[in-house]
Structures are given as C-alpha cells and as structure tokens.
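Residue-level structural notes
So the chains spell out like this:
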Amino acid sequence: MPNQNETSNSPKPVETNPETWVDEYGDYLYRYALMRVRDPNQAEDLVQETLLAALKARKNFAGQSTVKTWLVGILKHKIIDFFRKNSREKLVDPSDNSDVELNDFFDKNKQWLPNAVPNDFPNPTQAIENEEFTTALLSCLEKLPPRTAEAFSLREMEDMSSEEICNILDITPNNFWVMMHRARIALRKCLENSWLNQNK
Amino acid sequence: MKLMPTCNEAVEMMSKSMDMELTTVERVGLKLHAFLCIHCKKYWDQILMVRDAVRQAVEKQESEESTCSLKPLPEQRKAELKALINNSLST
Ligand SMILES: [Zn+2]
C-alpha cells in the first residue's frame, strides 16, 4: 500500500498572515459592513473589531474555508451584535422624525391617495448593472427609522427568518411585520422618486 | 366578515406574505383584490421587484464583481489598523 502515507487524514495547518489582511480584505469587509449599517464610521469600527477578533482566533482558523469567508463570517456576527446592542439600549434618536406615516398613502376610505398611487418605474436590471441601484437603495434606507432599516437589512440582505430577526431586535412578530410593511411602502416610493428623477 | 380587503389592507397583506404564511381567507382576499385593483397589482409587482433587486445588488457586492459604487476603506483607517495588527503580533 504505497499511497497510504500520502493520503494522511491530518490536514496541513493553513497559515494566514495577519499583516496582509488590511490590504487584501479591508475594502471588501468595509463595503460589506457599509451596505448593511450605512454609517461609514460604524462600518470602520466593525471592520476593526472583526480583524482584532480574527487575530485572537487565528489559531482556530483551520483552512476549511478561504480566509475571506472566515473573516466575513466574523463580520456578520459583529453586525448582528451591533443591531442587538442598539435595540437593547433602545437607542432612539430624539430628533428622529423619520417614521413612515401610513396616512400619507391612503385616504379615510383606505384607498390610495392620488399622489401616492404607484407609478411605473423602470426595470431595475439596468440600474443594478450601472450600480445606481445600490446608491439609491442606501440613501432610501437612510430615511427610514433606524430599527426599521435594520429589520429590512436582516430580512432582505441576510435572508434571516422573522423569528431570528424578532430575537435580535427584541420585537414581537406583530412589530416585525408592521416594520417590514412600512419599510417596503416607503422604500418603493423613495426608489420611484430617485429612479424617475434620474431617468427623466 | 367581508372577503374583499381595502387597498390599505391589501398592501399590508402583500408585505406580510413575503415574510410569513397568510391564512386562507387572507390569501383569497388578497388575490381577489389584486385581480380587481390595478394600483395594488402594480404595487405588488414593484415590491417583489425591489426584493429581487436588493438580492442581486448584495450578490454582486459579495462576488466582488463590482464595488457597487461604495467607497473603499479610508487610507488613514487602513494605516491605523495595520499598526494595531503589527503591534499585537509583536507582543
Ligand atoms: Zn387596491
């Protein structure tokens, strides 16, 4: 059995050099965080926390995934912790008047108000190609109340279940679907405005 | 109990149906409303389109096909992070 030694089960430890992390993965991790938390300072801090946590845990990195996948996995946890902390601290900005007013959309008879009726908007495929969509999306999310935007990110970007999100944000299922409804009705309107204006 | 929901109720149910199961009554009422009301039908198509667009944008960013027009990590912060890492490697 000449091949037995070559098919040894113990995997070679994969070395990753932390000195190269910032140059190799810094921009990627930062954009990943920025897309989900939107605040540049917060995104920078999350990248720092991620790299420091990775530094401590690098002995555990077994090379079963790429370094990038491993780092993104840590970052995801940091983002969820950040959202969780926000909701535990009931972080509410007193100057925040951004709540979605559903009366702006429907009249007393619960019919669409004339200026709220959905207009056609262009198929987003072109906008995604042109990268216009992400810019418009992030600025529209910025106009939502922070926790509503967080719920939307977890649901639509992280594809988490409503149960998981209720747990992270410390809200009831009823809160959750009302938030998501508000997020969608406001985002649709905001995207309609930004696309229609851009493509006039 | 009425079967036909209002526009307001219909759009609530549309969103709800994207995150959880509707009851049979809700599902039938929603289908009926969307069949009869062009505004709500358009709304439904568009929020589904937005869901799809968000997923595509996320995939695009994750696959590094594009930067999605997002700025890179500022140079100053990069320098700070490198110093921080080198520091803790040398101790
Ligand atoms: Zn309707």
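In this report, we go over the structure that sits alongside the text. Since the model is a prediction, treat every value here as computed from it, not as a measurement.

1. Side note on the overall build of chain B
Scanning chain B for helices and strands turns up 4 helices and 0 strands. Reading the secondary structure of chain B in the N-to-C direction produces α-α-α-α. Relative to a compact globule of 91 residues, whose C-alpha radius of gyration would be 12 Å, chain B shows 23 Å and is clearly more extended. When the backbone C-alpha atoms are referred to their principal axes, chain B occupies close to 70 × 25 × 20 Å. Burial status across chain B gives 42% buried among its 91 residues. Here the contacts in chain B between residues at least 6 apart in sequence split such that 55% fall between residues at least 24 apart.

2. Some details on helix 1 (residues 21–37) of chain A
Residues and elements named next belong to chain A. Of all the bends in helix 1, the greatest measures close to 30° and is centred on D27. With 14 of 17 residues buried, helix 1 lies mostly within the body of the structure. Positive phi shows up at R38, right after helix 1, with a value of about 70°.

3. Quick word on a nonpolar patch on the surface
A cluster of nonpolar side chains, contributed by L3, M4, V25, V28, L32, F35 and L36 of chain B, occupies part of the molecular surface with about 660 Å² of accessible area. Within the fold, V25 of chain B resides in helix 2 (residues 24–36).

4. Focus: the pattern of salt bridges
Within this structure, the stated rule accounts for 23 salt bridges over all chains. Here K82 of chain B ties to D23 of chain A by a salt bridge, and the two come within 2.9 Å at their closest N and O atoms. In this pair, K82 of chain B sits in helix 4 (residues 75–90) while D23 of chain A sits in helix 1, so the two residues belong to two different chains. Among the residues examined, K82 of chain B registers a relative accessible area of 29% and is labelled partly exposed. Residue classification places D23 of chain A among the exposed residues on the basis of a relative accessible area of 52%. Ionic pairing is found between D159 of chain A and R155 of chain A, a salt bridge with its closest N-O pair at 3.8 Å. What you see here is one network of salt bridges that share partners, running through R155, E156, D159 and R184 of chain A together with D19, R51 and R55 of chain B.

5. Comments concerning the coordination of the zinc ion
Residue and element names in this part refer to chain B. Each protein donor to the zinc ion is listed here as C7 (SG), H33 (NE2), C37 (SG) and C40 (SG); together their distances run 2.0 to 2.4 Å. Around the zinc ion sit 4 donor atoms; with metal-centred angles ranging over 102 to 114°, the donor geometry is tetrahedral. Within one chain, the residues donating to the zinc ion are spaced in sequence as C-x25-H-x3-C-x2-C. Taken together, the positions of C7 in helix 1 (residues 7–19) and C40 in helix 3 (residues 38–62) put the pair 33 residues apart, joining distant regions of the chain. C7 gets classed as buried once you look at its relative accessible area, which sits at 6%. Residue classification places C40 among the buried positions, given a relative accessible area of 0%.

Definitions and cut-offs
- Residues numbered from 1 in each chain as written.
- Chains lettered and ligands numbered in written order.
- Predicted model: local features only at pLDDT ≥ 70, side-chain atom pairs only at ≥ 80, totals over all residues.
- Heavy atoms only, no water.
- Helix = DSSP H or I, 4+ residues; strand = E, 2+ residues; numbered from the N terminus.
- Rg over C-alpha atoms; globule rule 2.2 N^0.38 Å.
- Buried < 20%, exposed > 50% of the residue type's maximum accessible area, 1.4 Å probe, protein only.
- Contact = heavy atoms within 4.5 Å.
- Bend = angle between axes of the 7 residues up to and from the residue.
- Patch = residues over 30% accessible without salt bridge, like charges linked within 9 Å, V, L, I, M, F, W, Y side chains within 5 Å.
- Areas by Shrake-Rupley, 256 points an atom, 1.4 Å probe, with all protein chains shown as cover.
- Salt bridge = Lys/Arg side-chain N within 4 Å of Asp/Glu carboxyl O.
- Donors = N, O, S within 2.8 Å, 3.2 Å for Na, K, Ca; no water.
- Tetrahedral: all angles 85-135°; square planar, octahedral: opposite > 155°, others 65-115°.

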